[in-house]
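What follows is the residue order along each chain.
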Amino acid sequence: DRTENPVTSTNSDLCLAVVPDYCSNTEVKTMPPQERFELPGSHRKMAEGASAPRRVDNYEMVEVTVVLRRRVRTQEPAAERYAYRDARTVDYHSRDEFAILHGADTVDIALVEAFAHEYSLTVRERSAARRSVVLRGTAENMQAAFGTSLAHYDTPAGGYRGRTGSITLPVDLQDVVTAVFGLDNRPVAKPHLRRARAAAAGPSGLAPTLVAKAYNFPASSHGAGQTIGIIELGGGYSAADLTTYFSGLGITAPTVSSVSVDGGANQPGVDDNSDGEVMLDIEVAGSVAPGARIVVYFAPNTDQGFHDAITTAVHDTTNNPSVISISWGGPEDSWTTQAASAMLAACTDAAGVGVTVTAAAGDDGATDGLSDGQLHVDLPACLPPVLACGGTRLNTKGAAITSETVWNELALNEGATGGGVSRIYPLPSYQTSAGVPAQPDTKFAGRGVPDVAGDADPETGYQVRVDGSDTVIGGTSAVAPLWAGLIALINQQLGKPVGFIQPALYQIGVSAFHDITSGNNGGYQAGPDWDPCTGLGSPNGAALLKALQGVTAAGAT
């Protein structure tokens, strides 16, 4: 009878062979035998270089996010359905409408709550819009509930609580639950920023306002009425530094606030690299769109935190961001299938409510930092609903561009723009005529990365202020907020969010861009029109705005 209280058993078959040093003596609460299924895509391995597992205290508290299927299960929304058409047409939903159409069914939420009750787990939060139920309980009960075994591991990059193998669930949750996050809390992403060499960090670097002028951003708008959401997985910002920074640029500082997700918080001074990411994002976006509000969503650097930060921002009916900037990511191959699928669903939701998501393409060239001798792209930049942002080296004289090439400083160990072809996501309809090559290693006809580009070389990087000091930072981390700021300006001018903009951009083509034809990223070569280093190129903001005022997006249905 599944309504009975948990009983205690020894030598539980829930203990995995990976933790033999304590499985034989661990007491784990289990339910009476019940039919279960393996959650597709949930399989985990130990992190590379991880130490032997150490026992998790049965009473350690664990919080998980259970992700549910959509209410309309026969009508999975495609991002192309919501593609930007023209300044007069609105194809996306309000957040409330989208929640009704594509949120979780209350019956499914009730099933998860009943499951939680059976295993003595507490329901901390439920959201039909985000299709999420957050549960909290002891490690002992979590292991029994999800049919897995938890352990602590040490790695050269730090420790984490993890699991191996697949999650299992009772069969009455089959097809109801699509992902479970939080049992394993290893880091999944890194900030895509690069600091200029100390010798070059004095007078070098460009003010974001100058970059915006070089790229001909619309001068008649400042982003008024728009909200830019920024996803951060660590670090923090200082209000005093922001005031000093924007005062130095001669512009009014934008309104900046923060939202805590899964316990994440604005914590400057703990991690200099993460602080650099946070301040770079705010200062670049705020410089080019100072009239926009900026809301920073802080979350832990885990698949749970990353996913929950995006869904929180997308479905935020209080702040209503119209564009979300993401400067964190990791190779698409490093994600579990359930996590990659959930991230795709979250960004598809963004398209559905008219929100543009910009994401850094990575700073480690065509390998995305992996050492297997093959070519990889970064996630979330490779997700088809996401505007992937690559990097260039921008040289200027005043506000005039003198030259612009692919960012590649690999020889100096200063990185290069990410870019290439996805191994997972097929070629989207908006790239059908873009000339995206097959993935060189697999021959897969995949999604091409990036879509667009902007200045990212740390030697021509951005003047920013971090933890009380002025410095120069580059990386594709800077390009995502740069484009987010441009989108905010365009949204203001059009009087509506452009949302899922890629189909329109590919229809417009390089006529609204600075086509980058020189350079490579260590695996791909730049060339005319779209290429796997800089996409369509860096923006000509005014030309792009003019084109968007009349475009009808190809491929929209």
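All of these numbers come straight from a predicted model, not from anything done at the bench. (Residues numbered from 1 in each chain as written. Predicted model: local features only at pLDDT ≥ 70, side-chain atom pairs only at ≥ 80, totals over all residues. Heavy atoms only, no water.)

Chemist: Honestly, the confidence of the model for the protein in this entry has me stumped. Any pointers?
Modeler: It should be kept in mind that the predicted coordinates are not to be read in detail where pLDDT is low. Summarising the model, the protein shows a mean pLDDT of 91, and 91% of its residues fall at 70 or more. Scored below 50 in pLDDT, residues 199-203 shows three contacts in the model against residues more than four places distant or in partner chains. (pLDDT = per-residue confidence, 0-100. Contact = heavy atoms within 4.5 Å.)

Chemist: Please clarify how the packing of aromatic side chains should be interpreted in this entry.
Modeler: Geometry of an aromatic ring pair is reported as the spacing of the ring centres plus the angle between the planes. Summed over all chains, the structure comprises ten aromatic pairs. Between the aromatic rings of Tyr82 and Phe98, the centroid separation amounts to 6.4 Å while the plane-to-plane angle is 65°, which identifies the pairing as edge-to-face. Of the two residues, Tyr82 sits in the loop between β5 (61-68) and α2 (95-102) while Phe98 sits in helix α2, which places them 16 residues apart along the sequence. A relative accessible area of 4% places Tyr82 in the buried class. Ring geometry for Phe306 and Trp335: centres 5.8 Å apart, planes at 50°, overall tilted. (Phe/Tyr/Trp six-rings, centres within 6.5 Å; stacked < 30°, edge-to-face > 60°. Helix = DSSP H or I, 4+ residues; strand = E, 2+ residues; numbered from the N terminus. Buried < 20%, exposed > 50% of the residue type's maximum accessible area, 1.4 Å probe, protein only.)

Chemist: Before we go on, may I ask you to explain the environment of Pro428 in this structure?
Modeler: Looking at where Pro428 falls in the secondary structure, it is placed in the loop between β23 (420-426) and β24 (446-449). Pro428 sits 178 residues away from Gly250 along the chain, and the two C-alpha atoms are 43 Å apart. When residues no more than four places from it in sequence are discounted, the contact partners of Pro428 are Glu80, Pro384 and Arg447.

Chemist: So what exactly am I meant to see when it comes to the sheet that holds strand β13 (residues 194-195) here?
Modeler: Adjacent strands of a sheet pair through backbone hydrogen bonds, lying either parallel or antiparallel. Read across the sheet, three strands follow the order β13-β27-β26 without closing on themselves; strand pairing throughout is antiparallel. Taken across any chain shown, the strands that pair with only one partner, and hence form the sheet edges, are β13 and β26 (462-466). Here β13 pairs with strand β27 (residues 469-474) via two bridges, running antiparallel. Paired with Arg195 across the strands is Ile473, a residue of β27. The sheet strands contacting helix α7 (residues 272-288) are β13, β26 and β27, and the helix crosses β26 at an angle near 120°. (Pairing = 2+ DSSP bridges. Axes fitted to C-alpha atoms, helices over the stretch in contact; angles between N-to-C directions.)

Chemist: Hey, could you run me through the packing of α7 against helix α10 (residues 476-494) in this one?
Modeler: Between two packed helices, what matters for the description is the angle formed by their axes and the separation of those axes. Between α7 and α10, the least distance of the axes is 8 Å, while the angle of their chain directions is 30°. The orientation of α7 with respect to α10, classified from their angle, is roughly parallel. As for the relative orientation of α7 and α10, their crossing is right-handed in sense. For the pair formed by α7 and α10, the contact residues are Glu277, Leu280, Asp281, Val284, Ala285 and Val288 on the first element and Ser477, Ala478, Pro481, Leu482, Gly485, Leu486 and Leu489 on the second. Considered class by class, the residues forming the contact of α7 with α10 number nine nonpolar, two polar and two charged. (Parallel < 35°, antiparallel > 145°, perpendicular 65-115°, else oblique. Left-handed = near helix turned anticlockwise from the far one by under 90°. Nonpolar A, V, L, I, M, F, W, Y, C, P; charged D, E, K, R; others polar.)

Chemist: How should I be thinking about α10 in this particular structure?
Modeler: Along an α-helix, residues three or four positions apart point the same way, because every turn accommodates 3.6 residues. Under the 1.5 Å per step criterion, the end-to-end length of α10 is 27 Å for 19 residues, consistent within 8% with the ideal 27 Å. The element α10 is largely enclosed, with a buried count of 17 among its 19 residues. Looking one or two residues past α10, Gly495 carries a phi angle of roughly 80°, positive in sign. (Expected span 1.5 Å × (residues − 1).)

Chemist: Even after reading the chapter, I still don't get the nonpolar core, so can you show me in this structure?
Modeler: Generally speaking, nonpolar side chains in soluble globular proteins are found buried as a group. Ranked by size, the top nonpolar core spans 119 residues in total, and within it Ile228, Ile231, Phe306, Trp483, Leu544 and Leu548 carry the most contacts. By residue number, the principal contributor to this core is α10, which donates eleven residues. Ignoring any residue separated from it by four or fewer positions in sequence, one finds Trp483 in contact with Thr358, Leu387, Cys389, Val452, Ala453, Phe513, Pro539 and Leu544. With 29 residues, the next largest nonpolar core counts Ile109, Ala116, Val133 and Ala139 among its residues. (Core = buried A, V, L, I, M, F, W, Y, C linked by side-chain atoms within 4.5 Å.)

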